[in-house]
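Coordinates in review
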Amino acid sequence: MALQALQSSGVAFRRILSHFPEELSLAFAYGSGVYRQAGPSSNQKKAMLDFVFTVDDPVAWHSKNLKKNWSHYSFLKVLGPKMITTIQNNYGAGVYYNTLIMCDSKLIKYGVISTSVLIEDLLNWNTLYIAGRLQKPVKIIAMNENVALRAALDKNLRSAVTAAFLMLPESFSEEDLFTMIAGLSYSGDLRMVVGENKAKVMDIVKPNIAHFRELYGHILQDNPQVVYKIQQGRLEIDKSPEGQFTQLLALPKTLQQEIHNIMDPPGKNRDVEETLFQLANDPDCGDIVHLGLLAIVRPSSLRQSTKGIFTAGFEPATLACALDRNRTRTLQSTDRRSVH
């Protein structure tokens, strides 16, 4: 599968991984500390390394990690691995982050997510949080033979292409496509309003076109709705109502449902397929798909940011910074709602 092509043989990542319990179904590194970005995040030497660890049994994994890395956790560690897992699974985007950790002389943060929760997000885009990170180039450090997980990783990439197609014109460049894909999980993400560079999507894509091509090239070449002119770096897609209806039917279930909620007025009680058929004939189809993405990403990013206040710990500087960021994001969100 495509993700395997981006596996890292770097000793530095494996050394960091050796500090953690081994029972991982997937481990990957991402962000500006792994792939070069333009703009303010261009200095990789100073960048924090970001990791996600996927585990089949989060209670058992946190229990072992608490014994090995007690200092990594905030005050929540006193509640024990079962409560940590409850917080991980039931609040925010289903991931538990430990941040600002010195490991093997490098500053890192790492998120822990249940394999079953990740598979659901990859397939259905329940939160598009970790699934969104996996739509961009990452360094796969470890991956077991979980067939369902591997299939879900591939489906997530195909879904990203489909959603991007619906928001793009009939003809566009590779860079246009990859910029649209990279921006899917930032639609409505409050970090793009406050606290992070608003040009972040372009900064991710421009230096990494080759990595995106490696990730998505085979999907584009196999797609019967696409004319992929590799040498020119151009693509043409089927924008007919029939073509768009096919694409809408292939979208993840949560996005389909959010689109249905936007399109279906009270009392109509149409099924989702009827709504998608109507949308396929609507000139504003791409805008409605974008609104559906907003409805997924905005609440999950806000809940995850709020959870981060507690998982980051109550060291004075960290707490003050986290509280200030969260308060500003909440005010911004409230201001936008009052305008509409």
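Above this text sits the structure in question.
This text gives an overview of the structure that appears in the document. This is a predicted model, so every value here is computed, not measured. (Residues numbered from 1 in each chain as written. Predicted model: local features only at pLDDT ≥ 70, side-chain atom pairs only at ≥ 80, totals over all residues. Heavy atoms only, no water.)

1. A short note on the packing of helix α6 (residues 147–166) against helix α9 (residues 209–222)
- Look at α6 against α9: their axes get within 10 Å of each other, and the N-to-C directions meet at 70°. Comparing their axes, α9 and α6 come out roughly perpendicular. In this structure, α6 uses Asp154, Leu157, Arg158, Ala160, Val161 and Phe165 to contact α9, whose residues at the interface are Leu215, Tyr216, His218, Ile219 and Leu220.
- Among the residues forming the contact of α6 with α9, the class breakdown is eight nonpolar, one polar and two charged. (Axes fitted to C-alpha atoms, helices over the stretch in contact; angles between N-to-C directions. Helix = DSSP H or I, 4+ residues; strand = E, 2+ residues; numbered from the N terminus. Parallel < 35°, antiparallel > 145°, perpendicular 65-115°, else oblique. Contact = heavy atoms within 4.5 Å. Nonpolar A, V, L, I, M, F, W, Y, C, P; charged D, E, K, R; others polar.)

2. Overview of helix α3 (residues 80–90)
- Within α3 the residues assigned to the buried category are Gly80, Ile84, Thr85, Ile87 and Gln88. In an axial view of α3, the angular spread of the buried residues amounts to 170°, which keeps them on one side of the axis. Facing away from the buried side of α3, by more than 90 degrees, are the exposed residues Lys82 and Asn90.
- Buried-residue contacts for α3 involve α2 (58–68), β3 (95–103), β4 (106–114) and α13 (285–311).
- In the segment just after α3, glycine 92 is the residue with positive phi, at about 70°. (Buried < 20%, exposed > 50% of the residue type's maximum accessible area, 1.4 Å probe, protein only. Arc of directions from axis to C-beta.)

3. Description of a nonpolar patch on the surface
- Nonpolar side chains collect at one region of the surface, where Trp70, Val78, Leu79 and Met83 lie side by side and expose about 420 Å² of accessible area between them.
- Here leucine 79 is to be found in the loop between α2 and α3.
- Under the relative-accessibility criterion, leucine 79 is labelled partly exposed at 48%. (Patch = residues over 30% accessible without salt bridge, like charges linked within 9 Å, V, L, I, M, F, W, Y side chains within 5 Å. Areas by Shrake-Rupley, 256 points an atom, 1.4 Å probe, with all protein chains shown as cover. Salt bridge = Lys/Arg side-chain N within 4 Å of Asp/Glu carboxyl O.)

4. Regarding the pairing of strand β7 (residues 226–229)
- The two faces of β7 differ: Val226 and Tyr228 on one face are buried, but Val227 and Lys229 on the other face are not.
- Pairing of β7 with strand β8 (residues 234–237), which is carried by four bridges, proceeds in the antiparallel orientation. Bridge pairing in β8 links tyrosine 228 to leucine 235.
- Count of turn residues in the β7/β8 antiparallel hairpin: four residues, of which glycine 233 carries a positive phi of about 65°. (Pairing = 2+ DSSP bridges.)

5. With respect to the packing of aromatic side chains
- Tallying each qualifying case throughout the model produces 13 aromatic pairs.
- By way of ring pairs, the aromatic residues Phe13, Phe20, Phe51, Phe53, Trp61 and Tyr110 are connected into one cluster.
- The positively charged end of lysine 109 is found above the aromatic ring belonging to tyrosine 97, 5.2 Å away from the centroid. (Phe/Tyr/Trp six-rings, centres within 6.5 Å; stacked < 30°, edge-to-face > 60°. Lys NZ or Arg CZ within 6 Å of the ring centre and 35° of its normal.)

6. Considerations on the sheet that holds β7
- Pairing is antiparallel in the open sheet, where three strands are placed in the order β6-β8-β7. In this open sheet, the two strands that pair with only one neighbour each are β6 (171–173) and β7. Within this sheet the neighbouring strands show an average axis-to-axis angle of 20°, counted without direction.
- Its contacts with the sheet place helix α7 (residues 174–183) against β6, β7 and β8, and it is angled at close to 85° to β6.
- Most of the contacts of α9 go to β7, to which it runs at about 130°, and overall it touches β7 and β8.

7. Here's the deal with the sheet that holds strand β5 (residues 139–143)
- Spatially, five strands are ordered β3-β4-β2-β1-β5 in an open sheet, and the strand pairing comes out mixed. Only two strands of the sheet have a single neighbouring strand rather than two, namely β3 and β5. Going across the sheet, the axis of each strand differs from the next one's by a mean of 20°, ignoring polarity.
- Bridging between strand β2 (residues 49–55) and β4 involves seven bridges; their strand directions are parallel. Along β4, the bridge assignment pairs aspartate 50 with lysine 109.

8. Focus on the pattern of salt bridges
- For the coordinates displayed, the defined rule picks out eight salt bridges.
- Across the pair lysine 64 and glutamate 23 runs a salt bridge, and its minimum N-O distance is 2.6 Å. Taken together, the residues span a long stretch of sequence, with lysine 64 in helix α2 and glutamate 23 in the loop between α1 (11–17) and β1 (26–30) at a distance of 41 residues.
- Overall, the relative accessible area of 42% leaves glutamate 23 in the partly exposed class.
- Across the pair glutamate 175 and lysine 206 runs a salt bridge whose closest N-O atoms are separated by 3.0 Å. Here lysine 206 lies in the loop between α8 (200–205) and α9 and glutamate 175 lies in helix α7, a separation of 31 residues in the sequence.
- Of the residues examined, glutamate 175 reaches a relative accessible area of 29% and is grouped as partly exposed.

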